[in-house]
Amino acid sequence: MRTHTCGELRPGQIGQRVRLAGWVHRRRDHGHLTFLDVRDRYGLTQVVTSAQQSPAAHADADPVRSEWVIAVGGVVRERPAGTANPDLATGAIEVAVDELEVLNPSRVPPFYVNEEQEGLDEAHRLRYRYIDLRRPQMQSQMLLRARLASSIRRRLEADAFVEIETPSLIRSTPEGARDFIVPSRLQPGRFYALPQSPQVLKQLLMVAGYDRYYQLARCFRDEDLRGDRQPEFTQLDLEMSFVSERDVMETVERIVLDVTRDTLPDRPILATPIPRLTYDQAIARYGSDKPDIRFGMELVDVTDAVRDTAFRVFSDAIVSGGAVLALRAAGCAGYSRRELDELQDVARANGAGGLVHLAVEADGTLRGPAARFLDVAAGGMIEATEAEPGDLLLMVADADRPRAAGAIGRLRLEMGNRLGLRDPNTLAYVWVHRFPMFTWDAALARWDATHNPFSAPVWEEADRLESDPGSVHAQQYDIVLNGWELGGGSIRIHRREVLERAFRLMGHTTERMRDEFGALLEALEYGAPPHGGIAIGLDRWAALFADQENIREVMAFPKTQSGSDLLMGAPSPVTDVQLEEVGLRLVDAAAR
RNA sequence: GGGCCCGUGGUGUAGCGGCCCAACAUGCCAGCCUGUCACGCUGGAGAUCGCCGGUUCGAAUCCGGUCGGGCCCGCCA
């Protein structure tokens, strides 16, 4: 049907007879001469019909419109002098068409494929995703994702990792995200769950001796959606045996950097080897466990500097054991009331009671609503923050230090955006590790795994599991890219007795443990090697590579925030027969 | 579960109590055009302003509800 693609022809083929097939990208009709740009995923080629030279083909081109699918036959020729198009890879040539076949006409498309359009309603794009995916930008994003996945596979295969598929119909477990459940027809009243991740399965594979496993695994979580969260998504899931935390981090780091350079050879990577921060360092310096290290503007602890002021907002927080944290926004002393209010809103929206702002005047004094209370501390604050005239100091005080850090960490990102410090071209990977093993859940009055309940404690700290769980760290590591949590993993607990202790601390009874994690617990008794691994979000990785803020942009058929597939119309009701087969009856018939 | 924002010809926007049976650009249709590449020129069609209800002499515009979409908090081991 075609001899070449639409991105292929060059002056070297001049004089050759060719056939192209594709979509009509644009039509320029000059009456006795018609230009058609024919497009496929490889590119665009201009073809010409002439009433004089090829009357039949010219007549056939008459009804052809945007997005019609056509095949053309003709001879490649050089464009007349002065009419070459340097913006087009195929712009030096054109095809003089003597034969044009309409393979399929198209209705007028619901939006433009042939030009970029700002503000196009995303619901509309999703409703006609097959057209949206024709847009050159979407095609390049899908192809980038494919290159990334391909690079991952090649790199892992070269490193002796074995790809093993795990089932999508598995057993529901509590903990973590809500499961999607699938009713069983063969056993009415029983349900499968779709995996939130192949976590337990890959650990069983380690017990089975496949000491380097990987999978591009589809995962499902029935939780509320966000721009970076879909109900189903893809993880690069990998697991290794006979490894320490350091081994895994070093192996993964080499893979990540190789894949990055392979997929995006021209994008600068901020720092290699990938910097490592402990969780405590990340919180203290950036106010986040997923810091964007493309810019500095680190948080400054001014608690000591303001300890003796009469400013109640600060002193109350300090007396309660809290902290006062500051951010130095260089050159922002001139911020307007409105800009300061917006920053105030950012602080409040992220847990701060308020935001104290002080501008540094030319004479080194401070100006701001709270300045008169802070006179005595002015020198100390300026020294601690290294502030200079013209700078703006932003401060958050809270009895709860992590809360203050979180709020000011978000302000840091906001200022990074406002000051244009988050260079979209740079890729800044960073490791965050040594997380606290447990977080106290005040509502449930129990300890909860900070990340993954299977994560091992730092072995030397394991004897404090019961006596002082809050002080135990996990052998856990997150890899962060440009402020996004890209992935996380850990060394797993490979001894039954330790895993049971950890579960018990999280409030599991022995019966529940045996019921829900029986297979894993038992497997650990049959020669489970020390092991650990990581899971990296492929969608997020692709989105960051494609410079998109939304993973929907790198997914072919994503769902909306309410979980709808606007193209296929899912979720949908099912028939009474289908319900009956699986032994279900809807409680509220009206809900259908 | 909660907060905020959006919904006007096919598409993107303007209009934000009467001047609007709605404007602009583009797309679409027709005619003309032999070197365009966002081709050009001329003409034309196309919207009960998401839906329901209310306020008002009068609603695209104000209010309430609802549906759809987005962002955020909670949630996401």
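This text gives an overview of the structure that appears in the document. (Residues numbered from 1 in each chain as written. Chains lettered and ligands numbered in written order. Predicted model: local features only at pLDDT ≥ 70, side-chain atom pairs only at ≥ 80, totals over all residues. Heavy atoms only, no water.)

What to know about the environment of A502
Summarising the element assignment, A502 is placed in helix α12 (residues 496–505). In this structure, the C-alpha to C-alpha distance between A502 and F454, residues 48 residues apart in sequence, is 8.3 Å. In this view, A502 contacts F438 and I493; residues no more than four positions away in its chain are not counted. (Helix = DSSP H or I, 4+ residues; strand = E, 2+ residues; numbered from the N terminus. Contact = heavy atoms within 4.5 Å.)

Focus on the packing of α12 against helix α13 (residues 510–523)
The relative placement of two packed helices is expressed as an angle between their axes plus a distance between the axes. Following both chains from N to C, one finds α12 and α13 inclined at 155°, their axes separated by 11 Å at the closest point. Relative to α13, the element α12 lies roughly antiparallel. Taken as a pair, α12 and α13 cross one another with a handedness that is right-handed. The residues of α13 that touch α12, namely those facing R496, L499, E500, F503 and R504, are M513, R514, F517, L520, L521 and E522. For the contact of α12 with α13, the class distribution of residues is six nonpolar, no polar and five charged. (Axes fitted to C-alpha atoms, helices over the stretch in contact; angles between N-to-C directions. Parallel < 35°, antiparallel > 145°, perpendicular 65-115°, else oblique. Left-handed = near helix turned anticlockwise from the far one by under 90°. Nonpolar A, V, L, I, M, F, W, Y, C, P; charged D, E, K, R; others polar.)

Overview of helix α6 (residues 245–263)
Relative to the 27 Å expected for 19 residues at 1.5 Å per residue, α6 spans 27 Å between its end C-alpha atoms, a close match to the ideal helical length. For α6, every residue scored as buried is listed here: E245, V248, M249, T251, V252, E253, I255, V256, L257, V259, T260 and T263. (Expected span 1.5 Å × (residues − 1). Buried < 20%, exposed > 50% of the residue type's maximum accessible area, 1.4 Å probe, protein only.)

Digging into the nonpolar core
Membership of the largest hydrophobic core comes to 64 residues, with the highest contact counts inside it found for Y429 and W541. Considering every element that reaches this core, the biggest residue donor is α6, with seven residues. Judged by nonpolar contacts, the second largest core, of 27 residues, contains A323, L394, V396 and L411. (Core = buried A, V, L, I, M, F, W, Y, C linked by side-chain atoms within 4.5 Å.)

Focus: the sheet that holds strand β15 (residues 366–367)
Strands in a sheet are paired, the pairing made by backbone hydrogen bonds, and the direction either parallel or antiparallel. Spatially, five strands are ordered β12-β13-β16-β14-β15 in an open sheet, and the strand pairing comes out antiparallel. Across the chains shown, the open sheet's two edge strands, defined by having one partner strand only, are β12 (300–301) and β15. Packed onto the sheet, helix α11 (residues 401–418) meets β12, β13 (323–329) and β16 (392–398) and runs at close to 10° relative to β13. (Pairing = 2+ DSSP bridges.)

Focus on a nonpolar patch on the surface
Taken together, I181, F191 and L584 make up a surface patch of nonpolar side chains, about 250 Å² in accessible area. Inspection of the secondary structure assignment puts I181 in strand β7 (residues 181–183). Here I181 falls in the exposed class, since its relative accessible area comes to 51%. (Patch = residues over 30% accessible without salt bridge, like charges linked within 9 Å, V, L, I, M, F, W, Y side chains within 5 Å. Areas by Shrake-Rupley, 256 points an atom, 1.4 Å probe, with all protein chains shown as cover. Salt bridge = Lys/Arg side-chain N within 4 Å of Asp/Glu carboxyl O.)

Section: unusual backbone geometry
Put simply, T272 and P273 share a cis peptide bond, and its omega is -10°. Along the chain, the position of P273 falls in the loop between α6 and β11 (276–278). Phi is positive for E67, which is not a glycine, with a value near 75°. Along the chain, E67 turns up in the loop between α1 (55–61) and β4 (69–78). At A160, a residue that is not glycine, the phi angle is positive and equals roughly 70°. As for its placement among the helices and strands, A160 is situated in the loop between α4 (136–158) and β6 (162–163).

Overview of the packing of aromatic side chains
Scanning the entire structure with this criterion turns up ten aromatic pairs. An angle of 70° between the planes, with centres 5.1 Å apart, marks the rings of W440 and W447 as edge-to-face. Consider the rings of W541 and F545, whose centres lie 5.8 Å apart with planes at 55°: the pair is tilted. Remark: F545 and W541 occur in helix α14 (residues 538–545); sequence separation between them is four residues, near one turn of the helix. Note on accessibility: W541 and F545 belong to one class, buried. Among the aromatic residues, ring-to-ring pairing joins F311, F314 and F373 into one connected group. For R127, the ring lying beneath its charged end belongs to Y128, and the centroid distance is 4.7 Å. Positioned over the ring face of F295 is R412, at 4.0 Å from the centre of the ring. (Phe/Tyr/Trp six-rings, centres within 6.5 Å; stacked < 30°, edge-to-face > 60°. Lys NZ or Arg CZ within 6 Å of the ring centre and 35° of its normal.)

Comments concerning the side chain of Q235
Here Q235 shows up in strand β10 (residues 232–241). Setting aside residues no more than four positions away along its own chain, Q235 makes contact with S197, Q215, L216, A217, C219, R221, A535, I536 and L538.

A look at the pairing of strand β17 (residues 429–433)
Burial within β17 is extensive, with five of its five residues counted as buried. On β17, burial covers both faces: Y429, W431 and H433 on one face and V430 and V432 on the other are all buried. As defined by bridge partners, β11 adjoins β17 across three bridges and the pair is classed as parallel. Counted as the bridge partner of T278 is H433 from β17. Here β17 pairs with strand β20 (residues 476–481) via five bridges, running antiparallel. In the strand pairing of β20, W431 is matched with I479.

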